[in-house]
Structure formats: structure tokens, C-alpha cells
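So you can see what is in the structure, the chains are spelled out below.
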Amino acid sequence: MEIPHRALRAAVLLLAARPLVAAGQTPLDIAALQFSPATTIAELDMGKLKGEPSRLAWSADGRLLYLQTTENRGRPDAKNHHYSFSVDGGRKQDLDAEPVWAADYWRGKSGQAPPDMPALKIDLKTETRERRTTSAPMGGDLARGGITPGEAGTSAGDAGSAAYGAQSATVHSMVLKGQTIGEFVNSVIVPGLTFGWGPKGSQVMAFAAPKDGRIVVMDYEGRKRDVDGTGDALLPAWSQDAQRLAWLEKGGRRKVRLRVANVTTS
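Residues numbered from 1 in each chain as written. Predicted model: local features only at pLDDT ≥ 70, side-chain atom pairs only at ≥ 80, totals over all residues. Heavy atoms only, no water.

### Quick look at the environment of Ala60
The condition is simple: Helical segments are the DSSP runs of H or I of at least four residues, strand segments are the runs of E of at least two, and each set is numbered from the N terminus. To sort residues, take the accessible area from a 1.4 Å probe on protein chains only and compare it with the maximum for the residue type: under 20% means buried, over 50% means exposed, and anything in between is partly exposed.
Following the sequence through the fold, Ala60 ends up in the loop between β3 (52-58) and β4 (64-71). On the basis of relative accessibility, which here comes to 67%, the residue Ala60 falls in the exposed class. The sequence separation of Ala60 and Ala102 amounts to 42 residues, and the corresponding C-alpha distance is 9.2 Å.

Structure, rendered in C-alpha cells:
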């Protein structure tokens, strides 16, 4: 059956009027968002997985999470390792390479601009600061490239060393709407490590706050909402239906938890 010209023209105009909203997904209202208590999908021993977490991605059907770890990041001899985890039960599987679906997801999650608004871009800044730094472990501290005395994960020995280790540090920052969404101290910026854009049409992002690693959700206008009970987190990642949020969270020395919270609107 042929579509009448008038009806076809009306359909085209309707689509042109809503370029930012993907099919099946509408912008999320920050004020109405509610997050369930987070569920731990898996407890990870980074000594066994090797390297540091570098990527986290959702499969399109929401059944799998892909995790990439990297040894010697930023060096010519860097080596990646690949794993998948079932969201239901946390079963781990070693992979030979990054799945195509994970690479596609990562491109949208970690871009300087969101996938549905190219004009909105993260600003990159570099400055020199006087800091007391120690070696960088993981969790929220990984986004800062180091830890300072008194913060979570600092041993007494580390704190003592840091007290006498003040030095100039090069700090690379990512800033959006006046909010710092990632800091890298004496380290290269790793796109997507501290933030993740939501799926097309959702018009939100999630990031790990540099100071304490708590998860914060922010919309394109800069309105923010903390996810209660989070800290020392990294790699926030939205499911592709925007109904779940995953991240890694420090759970002890060389230990991290893969966690997921449900996202609903009131």
C-alpha cells in the first residue's frame, strides 16, 4: 500500500524535529532518577587478572559485561587481557580478543562528545600542581594517578613516605559543564576510564568524582545526582537501555568488585 504524500511529509518533519532522541529512549530526568542498592556481580583479584582495569562494556542484550585489563599502560610493551562476565551469576570467561560489540560500545561510551550531540565536548586541561603522591593503586584513586595521606587505601608506610614526598606533578583534567569528570596525575588520559556517556537519547553521563570516586550522574545541562553508597569507583558504564549502571569499585588491596545498580524514574 502506497503511503499518501501528505502523511509521508508529516512523518519526515516529525523525525527532523527530534534529532536527539533515539528510538525507544527518551531523555532521563535527573531529578526523577532512582538507583537500587548495588549488586556485586563478581569479586575480582587483579593479581590474577593481570594489569589494571581499562575498559568496561555492556552487550546489547544486557546479559554480559566485557572487562579489559592492561599491563604497562601507555608503554610500547602494553598488553591487554580480555574477559566477559555474565550479569546473572558473574560467571567469568577468558577471551582471546575484544568482541566487536564491546569495541562498538566503547566508542560511544568514551568519546570526547556524546553520540547524539557532537557539539557538546569535554574540555581537556593540563596544569602543574604541588602534590604529595604515592604509587597509584586502583578504584577511584586510579583516576587521580596517585593517592594522598589519609585517603582510602593508603597504608601507614605510604602515608609516611608521602608526607616527605611533595613534588610538582602534571595533572591532566577532563571538564564538562564546569565539573571535573576525571584527573590523571603524571599519567596519560585514558578516555572512558572515569566517565561513560549514556545511550543515544538518554542525554546523561556518569562519572567517578576525582576526590572520592563516588559515582555521579549528570545531564547535558550540568544537573547532577550522586549515586548513594558509592566510592573508589571507575569505569561507569550504562546498559544500552539506560536501565542499569555498572562500575568497578575498590574492595581491598588488589581487589575490585564489579557492581550493577538498577536505574528507574519516580
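What follows picks up the thread again.
### Some thoughts on the packing of aromatic side chains
The test is simple: Stacked, tilted and edge-to-face are the three classes assigned to paired rings of Phe, Tyr and Trp, where Trp is represented by its six-membered ring and a pair needs centres within 6.5 Å; plane angles under 30 degrees give stacked, over 60 edge-to-face, the rest tilted.
Applying the stated criterion across every chain yields a total of 2 aromatic pairs. Judged by centre distance (6.2 Å) and plane angle (75°), the rings of Phe195 and Trp197 are edge-to-face. Judged by its relative accessible area of 3%, Trp197 is buried. Between Trp197 and Tyr220, the ring centres sit 6.0 Å apart and the planes meet at 90°, which makes this aromatic pair edge-to-face. Placement of Trp197 in strand β10 (residues 195-197) and of Tyr220 in the loop between β12 (215-219) and β13 (224-226) is noted, with a sequence separation of 23 residues between them. You can call Tyr220 buried: its relative accessible area is 5%. By the ring-pair criterion, three or more aromatic residues cluster together here, those being Phe195, Trp197 and Tyr220.

### Considering the pattern of salt bridges
Note the cut-off: For salt bridges, the criterion is a side-chain nitrogen of Lys or Arg within 4 Å of an Asp or Glu carboxyl oxygen.
Taken as a whole and assessed by the stated rule, the structure comprises 13 salt bridges. Lys255 is the salt-bridge partner of Asp45, the closest N and O atoms lying 3.1 Å from each other. Within this pair, whereas Asp45 is found in strand β2 (residues 39-45), its partner Lys255 is found in strand β16 (residues 255-265), the two being separated by 210 residues in sequence. Taking relative accessible area as the criterion, Lys255 reaches 36% and is therefore assigned partly exposed. The closest approach of N and O atoms between Glu249 and Arg259, which form a salt bridge, is 3.5 Å. One end of the pair, Glu249, is in strand β15 (residues 244-252); the other, Arg259, is in strand β16, and 10 residues separate them in sequence. One connected set of salt bridges, linked through shared partners, spans Glu127, Arg129 and Glu183.

### Digging into the confidence of the model for the protein chain
Let me state the cut-off plainly: A score between 0 and 100, pLDDT records how confident the predictor is in each residue. In what follows, residue pairs with any heavy atoms lying within 4.5 Å of each other are defined as contacts.
Taken over all residues, the pLDDT of the protein chain has a mean of 83, while the share at 70 or more is 77%. With pLDDT under 50 throughout, residues 1-23 is counted as low confidence; its partners more than four residues away or in other chains account for 10 contacts. Taken as a whole, residues 134-140 scores under 50 in pLDDT and shows 25 contacts with residues more than four places along the chain or in a different chain.

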